[in-house]
Amino acid sequence: MGCATSSQQKASSPECSASLPERVHSTVSKLSRTVSRKLSRKLSCHSSRSLGKQEKPDEPLVADAAPEPEASQVKFVSGPPLTLLEARFDPKSSRCTLCGNTGLDIEGRFCKCPYGRRNPPARLSEGDVEVDVGPLSIGSDGQALLPRMKLGIRGPYIYEVGGRRSAAIAKASHTYMACAAMGPTWSHILEQVHFKTSCPSAKVLLEAMPEILAAVQRSTSVNIPEECAKARKTTRGEDHLNTNGIVYVFSSSVSAEQFLGSLDIAGYSSTVCKGDGLQELGLEMRVSISHDRRIVRVSVYQASSGTGFDGIIKLRIQIPEHVESEDKGI
Ligand SMILES: [Zn+2]
């Protein structure tokens, strides 16, 4: 992804001349074939339009992942797989026996766990908001060029790149802000961000949360408030489900396609959500399920306010397999 996420390279190197979403799409399309094929076998009743007929093994497979213009089309995109250590990583309870979460093993080599990666897990704690602020450069077409974000989602955790800035740079006229937090619900995260960083646009997404959760349910059949309530009940209120999320705010025009295309979807299969409620609020949304089917992720963007949210919630259940086909974009 190095090339796909660097705006400088995008401008200078010829092999990166395709637009970011196009390149991301083409990469993930290739990777999604296997999943698409598996799904198309499972979706017996109404899959013919979206995922196509069953391919012969030697038939070229590019066509089935290409988007079609119909509004009710269900689009699946599957990210590349995570390593086992990444996929099993639990930010809440991880204690790596090889490196003790330092990222370096006893011989001083980088550990294979997420802490040994270039983008290790961010050290979040409940009630805290981690912030990164930076300049946004504007291309010759007036469109902002997205920088490599220093806070983002990687599989089941939020990663952090060194060199974050938490205060605005005075001379930058175009800026971005990323605010990461954790808590029992996505609304909780948005409230925290709104409260601690006086970010007014987090409120916009907070108000849209009922619509976002309804879209998740249409798309995955997972009722998140109900899962949260069940988790509280079974632990007699002592524990809750864990969510992680990042609010992104851009001062200049960043399109929904640009924002959603820049997110790391390794370890997830995504569906584009449609719906009148989302449209009225000007929200573009994608819902994703982790490859192990235990995490639901929402990625939402409102172009008018330049506000995005990328959040994950770890469920106690494994999401049943046949359900992604249900969002027909009512
Ligand atoms: Zn380790």
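Residues numbered from 1 in each chain as written. Predicted model: local features only at pLDDT ≥ 70, side-chain atom pairs only at ≥ 80, totals over all residues.

> Any chance you could explain the sheet that holds strand S10 (residues 283–290) here in plain terms?
Read across the open sheet, the eight strands follow the order S1-S9-S10-S11-S12-S8-S7-S2; overall the sheet is antiparallel. Both edges of this open sheet fall to strand S1 (76–78) and strand S2 (130–135), since each of them pairs with a single strand only. Taking the axes of each pair of neighbouring strands and ignoring which way they run, one obtains an average angle of 15° across the sheet. Of the pairings in the sheet, the one linking strand S9 (residues 268–273) to S10 comprises six bridges and is antiparallel in character. Paired with Thr-271 across the two strands is Val-287, which belongs to S10. (Pairing = 2+ DSSP bridges. Helix = DSSP H or I, 4+ residues; strand = E, 2+ residues; numbered from the N terminus. Axes fitted to C-alpha atoms, helices over the stretch in contact; angles between N-to-C directions.)

> Explain the confidence of the model for the chain here, please?
Caution applies to low-pLDDT parts of the model: their predicted coordinates are not meant to be read in detail. When the pLDDT values of the chain are averaged, the result is 79; 74% of them are 70 or greater. By mean pLDDT, helix H1 (residues 2–5) is the weakest element of the chain at 39, and strand S11 (residues 295–302) is the strongest at 97. Note that residues 27–72 has pLDDT below 50 and, in this model, 50 contacts with residues that lie over four places away or in other chains. (pLDDT = per-residue confidence, 0-100. Contact = placed C-beta atoms within 7 Å.)

> What should I look at first to understand the packing of helix H6 (residues 186–197) against helix H7 (residues 200–220) in this one?
Helix-helix packing: each pair is described by the crossing angle between the helix axes and the interaxial distance. Where H6 contacts H7, the two axes come as close as 9 Å, and the packing angle between them is 160°. Classified by the angle between their axes, H6 and H7 sit roughly antiparallel to one another. Every pair of crossing elements has a handedness; the one defined by H6 and H7 is left-handed. Packed against H6, whose contacting residues are Trp-186, Ser-187, Leu-190, Glu-191, Val-193 and His-194, the element H7 presents Ala-202, Lys-203, Leu-205, Leu-206 and Met-209 at the interface. (Parallel < 35°, antiparallel > 145°, perpendicular 65-115°, else oblique. Left-handed = near helix turned anticlockwise from the far one by under 90°.)

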